[in-house]
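Now for the letters of each chain:
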Amino acid sequence: MEAILEATDFKPAEGLLDNTPIRAGGYIAHVAVPCHDLEETARWYAEILGAQPVRILKDRVTFSFGGVLQLVCHLERRAVESNPRAYPRHHGLTFLRMEDFSRMKGHLEKLRVKFLVRPALRFAGSAHEHRTFMVVDPSGNVVEFKCYVRPECSY
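A quick note: this is a predicted structure, and the numbers were derived from the prediction, not measured. (Residues numbered from 1 in each chain as written. Predicted model: local features only at pLDDT ≥ 70, side-chain atom pairs only at ≥ 80, totals over all residues. Heavy atoms only, no water.)

Trainee: Let's hear about the sheet that holds strand E2 (residues 52-57): which residues, and what values?
Mentor: Sheet architecture is open: four strands sit in the order E1-E4-E3-E2, paired in mixed fashion. Looking along the sheet, the strands with just one partner apiece sit at the ends: strand E1 (29-35) and E2. Put simply, the sheet's adjacent strands are angled 20 degrees from each other on average, direction ignored. Its contacts with the sheet put helix H1 (residues 38-48) on E1, E2, strand E3 (60-65) and strand E4 (69-75), and the angle it makes with E3 is roughly 10 degrees. (Pairing = 2+ DSSP bridges. Helix = DSSP H or I, 4+ residues; strand = E, 2+ residues; numbered from the N terminus. Axes fitted to C-alpha atoms, helices over the stretch in contact; angles between N-to-C directions. Contact = heavy atoms within 4.5 Å.)

As structure tokens, this is what we get:
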């Protein structure tokens, strides 16, 4: 399938995600979501969230999302979610270090990205205590970021 845009046309926001390809393990996670505009999607995930576009074809754009997630946004022009909700469907990253989570949160606040779920502390005082927030991509897909106080409880 022929590329319509080049992945190098989009520069990921610096310092947010380590998009180094993971080759030492046996696999990475794969998530596919719909999008209504490939260029807008490539620009948003790269420039806003720091994901690395790796392949852009006429019907999809594939990202390295922090090096641990292959996110594929498939073109579906009717795909816009007009009333995005946090549950039941969303995707994102669980940071293992609070400083990485805080850097992403600060970056989005600086850009004045609207939070679907504002930054919050959940399950305070429990083993599952974590910080979280959610944003919405241009097609209405919900993206969650979180970080557990105890990284060993991230799973």
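From this point on, the discussion continues.
Trainee: Any details on the nonpolar core? Residues and values, ideally.
Mentor: Membership of the largest hydrophobic core comes to 34 residues, with the highest contact counts inside it found for Tyr45, Leu49, Phe65, Met104, Leu108, Val135 and Phe145. Listing elements by their share of this core, those giving two or more residues are E1, H1, E3, E4, strand E5 (91-95), helix H2 (98-110), strand E7 (130-136) and strand E8 (142-148). The element contributing the most residues to this core is H1, with six residues. Every residue in contact with Phe145, bar those within four places of it in the chain, is listed here: Leu49, Phe65, Leu93, Phe95, Phe101, Met104, Arg131, Thr132, Phe133 and Val135. (Core = buried A, V, L, I, M, F, W, Y, C linked by side-chain atoms within 4.5 Å. Buried < 20%, exposed > 50% of the residue type's maximum accessible area, 1.4 Å probe, protein only.)

Trainee: So what's going on with the side chain of Glu129? Which residues, and what values?
Mentor: Tracing the backbone shows Glu129 in the loop between strand E6 (115-122) and E7. Engagement of the side chain of Glu129 in a polar contact is seen with the backbone nitrogen of Gly125, the distance being 2.8 Å. Leave out the neighbours within four places in its chain, and Glu129 touches Leu121, Arg122, Phe123, Ala124, Tyr148 and Val149. (Polar contact = N/O pair within 3.5 Å; in protein donor to acceptor, adjacent residues only side chain to side chain.)

Trainee: Give me the lowdown on H2, citing residues and values where you can.
Mentor: Given 3.6 residues per turn, any residue in an α-helix points the same way as the ones three and four places further on. Taking 1.5 Å per residue as the helical rise, H2 with its 13 residues ought to reach 18 Å, and the 18 Å between its terminal C-alpha atoms agrees with that figure. For H2, the complete set of buried residues consists of Asp100, Phe101, Met104, His107 and Leu108. Buried residues along H2 cover an arc of 130 degrees about the axis, so they all sit on one side. For H2, the secondary structure elements touched by its buried residues are H1, E5, E6, E7 and E8. (Expected span 1.5 Å × (residues − 1). Arc of directions from axis to C-beta.)

Trainee: Before we move on, could you go through the environment of Leu16 and cite the residues and values that matter?
Mentor: Along the polypeptide, Leu16 turns up in the segment before E1. Judged by its relative accessible area of 6%, Leu16 is buried. For the pair Leu16 and Lys105, spaced 89 residues apart in the sequence, the C-alpha separation amounts to 9.7 Å. In contact with Leu16, not counting residues within four places along its chain, are Ile48, Leu49, Gly50, Phe95, Arg103, Met104 and His107.

Honestly, that's just the spatial picture; any functional story needs more than this.
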